[in-house]
Amino acid sequence: MNGVHDMGGMDGFGKVEPEPNEPMFHTEWEGRVLAMVRAMGAAGAFNIDTSRYYREALPPEVYMTSSYYRKWFIGLEDMLVAKGYITPEEVAAGHALEPGKPLKHGKFTVDQVERVMVRGQFGRTPSTAAKFKPGDHVRAKNIHPTTHTRLPRYVRGRVGVVELNLGCSVYPDTAANDAGENPQWLYTVVFDSAELWGPDADPTVKISVDAFEPYLEPA
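These remarks concern the structure in this document. Note that the structure is a prediction, hence the values are computed from the model and not measured.

Some words on the overall build of the chain
Along the backbone of the chain there are eight helices and five strands. Written out in order from the N terminus, the α and β elements of the chain read α-α-α-α-α-α-β-β-α-β-α-β-β. Considered along the principal axes of its C-alpha atoms, the chain spans approximately 60 × 45 × 35 Å. Burial status across the chain gives 35% buried among its 219 residues. By sequence separation, contacts in the chain at least 24 residues apart represent 64% of the contacts at least 6 residues apart. Accessible surface computed for the chain: about 13,400 Å², of which carbon and sulfur atoms make up 55%. Side chains of the chain carry 23 positive and 29 negative charges; the gap between the two charge centres is 4 Å.

Brief notes about the packing of aromatic side chains
Evaluated as defined, the whole model comprises 10 aromatic pairs. Consider the rings of Y68 and Y69, whose centres lie 4.9 Å apart with planes at 90°: the pair is edge-to-face. Y68 gets classed as exposed once you look at its relative accessible area, which sits at 52%. Take Y69: its relative accessible area is 13%, and that puts it in the buried class. For the pair F212 and Y215, a centre-to-centre distance of 5.9 Å together with 85° between the ring planes defines the contact as edge-to-face. Taking the relative accessible area as the measure of exposure, F212 reaches 6% and is therefore buried. Judged by its relative accessible area of 0%, Y215 falls in the buried class. Taken together, the aromatic side chains of F25, Y68, Y69 and W72 make up a single cluster linked through ring pairs.

Structural notes on the sheet that holds strand 4 (residues 206-212)
Backbone-to-backbone hydrogen bonds join strands into a sheet, with any given pair of strands oriented parallel or antiparallel. Taking strand neighbours across the sheet as the criterion, the five strands line up as 4-3-2-1-5 in an open arrangement whose pairing is antiparallel. Every interior strand has two partners, whereas the edge strands, strand 4 and strand 5 (216-218), have only one. On average, each strand axis in the sheet is tilted by 45° relative to the strand beside it, whichever way the strands run. When strand 1 (residues 137-140) meets strand 2 (residues 159-169), the two strands line up antiparallel, connected through three bridges. When the bridges of strand 2 are listed, R139 appears paired with V159.

Basis of the calculations
- Residues numbered from 1 in each chain as written.
- Predicted model: local features only at pLDDT ≥ 70, side-chain atom pairs only at ≥ 80, totals over all residues.
- Heavy atoms only, no water.
- Helix = DSSP H or I, 4+ residues; strand = E, 2+ residues; numbered from the N terminus.
- Buried < 20%, exposed > 50% of the residue type's maximum accessible area, 1.4 Å probe, protein only.
- Contact = heavy atoms within 4.5 Å.
- Areas by Shrake-Rupley, 256 points an atom, 1.4 Å probe, with all protein chains shown as cover.
- Lys, Arg positive; Asp, Glu negative; His and termini not counted.
- Charge placed at Lys NZ, Arg CZ, Asp CG, Glu CD.
- Phe/Tyr/Trp six-rings, centres within 6.5 Å; stacked < 30°, edge-to-face > 60°.
- Pairing = 2+ DSSP bridges.
- Axes fitted to C-alpha atoms, helices over the stretch in contact; angles between N-to-C directions.

Written as structure tokens, this is what we have:
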């Protein structure tokens, strides 16, 4: 979706200011939010692409004024309400008001935490041959989906060169909407800076984007 989260290549936000010696969490509640998101995902309430979509769907004024883990917290709350695991009344009350909705994978125990914290495997067996190969010139389609996508706006309509075939993976655009894994080929596509930013761009810079096959067309 074309939300405020897709800020690549935009001007006017100031330079990135890395925090020296940044801690893993700034406050205790941030760690609890991470734990809740990973626990509910592991229990089958949602997948990683759905989780990303709900954070992307935050109103611009909320997204721009929220810290990283506050976005995670609000997105989690909205997602659990939408999927029927909690109600707005329970959120307001701060506790359950009715029996909980069963989770797909149920509860997990302390000895399973390490497994839960390891990112899942998303590679899948292809059902069709890859359309592109390294060296092919491709154009990123000028698409504007209303839900989750991994194709950034700044490459849409631009021409790049396929550098790598990364294999076949779960397609985020359908997984985010509970429309199935729909495995698609994934490629690394390299764009010249001038192609993306115009003649004033640094000519020594190239930008690599991992793009799924449905995002691309021959150039």
